Amino acid sequence: GATGAKIDANVEQGTVTLTGARDAVEEARTLCHNAVHGEAQDEIELGSRNAVNVVFGKGFVRIREIQDATECKLDIQRGSTKLKLSGSQEAVASARKTVEELLELNRGIEMMIAGSRV
């Protein structure tokens, strides 16, 4: 390969074996990791199911829009309120900013509704 390392992938076992010079193996390992997980990872604790619903949007439309606009992969495990972000450093930073702005905007709406009821 481009690194000089040999890569053997076993799809059934879900394993990748890298062999070669230490520098080549380290470089190949980084490239493989980035290919699977992205160059950067981050997490945002959304704190509530309501916040999860805000990020997902109806029919998952909003989360897809954020992923398309930022080129960042977003994932929330079922039953969790922790949003995982992965992609390039720029994509992760852009998605974090977009999600935080979205949550802030919706927090403001919740406060206004609560205030108008009093």
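From a predicted model like this one, the values you see are computed outputs, not experimental measurements.

Undergrad: Explain the overall build of the protein to me, and be specific about the residues and the numbers.
TA: Assigned secondary structure in the protein consists of four helices and five strands. Reading the protein from its N terminus to its C terminus gives the helix and strand order β-β-α-β-α-α-β-β-α. In the protein, buried positions account for 27% of the 118 residues. Long-range pairs, those at least 24 residues apart, make up 52% of the contacts in the protein with a sequence separation of at least 6. Here the protein has roughly 8,400 Å² of accessible surface; of this, 51% comes from carbon and sulfur atoms.

Undergrad: Describe the packing of helix H2 (residues 49-56) against helix H3 (residues 61-70), and please don't skip the residues or the numbers.
TA: Two numbers describe a pair of packed helices, the interaxial angle and the distance between the axes. Between H2 and H3, whose axes approach to 5 Å, the crossing angle comes to 60°. Relative to H3, H2 is oriented oblique. Mapping the contact onto sequence places Val54, Val55 and Phe56 in H2 and Val61, Arg62, Ile63 and Ile66 in H3. Taken together, the residues of the contact of H2 with H3 break down into six nonpolar, no polar and one charged.

Undergrad: Quick rundown of the nonpolar core? Include the residues and the values.
TA: Core analysis: the largest hydrophobic core is formed by 21 residues, its most contacted members being Leu46, Cys72, Leu74, Leu83, Leu85, Val99 and Leu103. Elements supplying a minimum of two residues to this core: strand S3 (40-45), H2, H3, strand S4 (73-76), strand S5 (82-87) and helix H4 (89-117). Element by element, the count of residues in this core is highest for H4, at six residues. Among all residues touching Leu83, those that are not within four sequence positions of it are Asp42, Glu43, Ile44, Leu46, Val55, Leu74, Asp75, Ile76 and Val99.

Undergrad: I'd like to hear about the environment of Arg107, residue by residue, with values.
TA: Its location among the elements puts Arg107 in helix H4. Classification of Arg107 by relative accessible area gives partly exposed; the value is 39%.

Undergrad: Describe the side chain of Thr70, naming the residues involved and giving the relevant values.
TA: On the secondary structure map, Thr70 appears in helix H3. Residue Thr70 is classed as buried on the basis of its relative accessible area of 8%. A distance of 2.7 Å separates a polar side-chain atom of Thr70 from the backbone oxygen of Ile66. Once residues lying within four places of it in the same chain are set aside, the contact partners of Thr70 are Ala91, Ser94, Ala95 and Thr98.

Undergrad: Explain H2 residue by residue, including any values.
TA: Given 3.6 residues per helical turn, the α-helix brings residues three or four places apart onto the same face. Regarding H2, the residues found buried are Ala51, Val52, Val54, Val55 and Phe56. At the C-terminal side of H2, Gly57 shows a positive phi close to 75°.

Scoring rules and cut-offs
- Residues numbered from 1 in each chain as written.
- Predicted model: local features only at pLDDT ≥ 70, side-chain atom pairs only at ≥ 80, totals over all residues.
- Heavy atoms only, no water.
- Helix = DSSP H or I, 4+ residues; strand = E, 2+ residues; numbered from the N terminus.
- Buried < 20%, exposed > 50% of the residue type's maximum accessible area, 1.4 Å probe, protein only.
- Contact = heavy atoms within 4.5 Å.
- Areas by Shrake-Rupley, 256 points an atom, 1.4 Å probe, with all protein chains shown as cover.
- Axes fitted to C-alpha atoms, helices over the stretch in contact; angles between N-to-C directions.
- Parallel < 35°, antiparallel > 145°, perpendicular 65-115°, else oblique.
- Nonpolar A, V, L, I, M, F, W, Y, C, P; charged D, E, K, R; others polar.
- Core = buried A, V, L, I, M, F, W, Y, C linked by side-chain atoms within 4.5 Å.
- Polar contact = N/O pair within 3.5 Å; in protein donor to acceptor, adjacent residues only side chain to side chain.

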